[in-house]
Amino acid sequence: MATRQHDGTAAIDCSKITTLVFDVDDTLYDVGTGFTAHRNGTGATSFMMSRLGFADEASAKAVRDEYFARYHSTAKGLAVAEEEGRFPGTRAPQEGKRLFDAGDLSE
């Protein structure tokens, strides 16, 4: 029988977890490598222009910065921005039809 938490949901068995990895900004990649500047600058905005239809770097950066400030994540921010119809020439996405896929950020 599964163990239950006080709210009735099933408890998670953590007995086999041996390691937790936390990605703290500028810990895995020292700020001196330029990775953070690339990630927060032209990396994101170039993707937004080529894949999401932003006309220029300034408009892409404005949306990226607005949502990054709210969610502290480019991927989460872009997902919410799409849901809110903030991509150029688009309305909120229909079920199953999205422009943004976080997996595309790794390309």
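Residues numbered from 1 in each chain as written. Predicted model: local features only at pLDDT ≥ 70, side-chain atom pairs only at ≥ 80, totals over all residues. Heavy atoms only, no water.

## Considering the pattern of salt bridges
Counted by the stated rule, this structure contains five salt bridges. Here K61 ties to D65 by a salt bridge, and the two come within 2.5 Å at their closest N and O atoms. Here D65 and K61 lie together in helix 3 (residues 57–71), a separation of four residues that amounts to about one turn. Taking the relative accessible area as the measure of exposure, K61 reaches 40% and is therefore partly exposed. (Salt bridge = Lys/Arg side-chain N within 4 Å of Asp/Glu carboxyl O. Helix = DSSP H or I, 4+ residues; strand = E, 2+ residues; numbered from the N terminus. Buried < 20%, exposed > 50% of the residue type's maximum accessible area, 1.4 Å probe, protein only.)

## Here we look at the nonpolar core
F47, M48, L52, F54, A60, V63, Y67, L78, V80, A81, F87 and F100 together form the largest nonpolar core, which totals twelve residues. Broken down by secondary-structure element, the contributors of at least two residues to this core are helix 2 (42–52), helix 3 and helix 4 (74–83). Ignoring anything within four residues of it in the chain, the contact list for A81 reads V63, Y67, R86 and F87. (Core = buried A, V, L, I, M, F, W, Y, C linked by side-chain atoms within 4.5 Å. Contact = heavy atoms within 4.5 Å.)

## So, the packing of aromatic side chains
Any two aromatic rings considered together are summarised by their centre-to-centre distance and by the angle between their planes. According to the stated counting rule, one finds two aromatic pairs in the structure shown. Taken together, a centroid distance of 6.2 Å and an interplanar angle of 80° make the contact between F47 and F100 edge-to-face. In this pair, F47 sits in helix 2 while F100 sits in the segment after helix 4, placing the two residues 53 residues apart along the sequence. Both residues of the pair, F47 and F100, count as buried. Look at F54 and F87: their rings are 6.0 Å apart centre to centre, the planes differ by 70°, and that puts the pair in the edge-to-face class. (Phe/Tyr/Trp six-rings, centres within 6.5 Å; stacked < 30°, edge-to-face > 60°.)

## Quick word on unusual backbone geometry
You will see that H72, though not glycine, has its phi angle at about 55°, which is positive. Mapped onto the elements of the fold, H72 is located in the loop between helix 3 and helix 4.

## Here we look at the packing of helix 2 against helix 3
Viewed as axis vectors pointing N to C, helix 2 and helix 3 meet at an angle of 110°, and their least axial separation amounts to 9 Å. Between helix 2 and helix 3, the interaxial angle falls into the category roughly perpendicular. Here helix 2 and helix 3 pass one another in a crossing that is right-handed. On the side of helix 2, the interface is formed by T42, A44, T45, M48 and M49, while helix 3 contributes E57, A60, K61, V63 and R64. Residue composition of the contact of helix 2 with helix 3, grouped by class: five nonpolar, two polar and three charged. (Axes fitted to C-alpha atoms, helices over the stretch in contact; angles between N-to-C directions. Parallel < 35°, antiparallel > 145°, perpendicular 65-115°, else oblique. Left-handed = near helix turned anticlockwise from the far one by under 90°. Nonpolar A, V, L, I, M, F, W, Y, C, P; charged D, E, K, R; others polar.)

## Description of the confidence of the model for the protein chain
For the protein chain, the mean per-residue pLDDT works out to 80, and 75% of the residues sit at or above 70. Mean pLDDT values for the elements of the protein chain range from 72 in helix 1 (residues 35–40) up to 94 in helix 3. (pLDDT = per-residue confidence, 0-100.)

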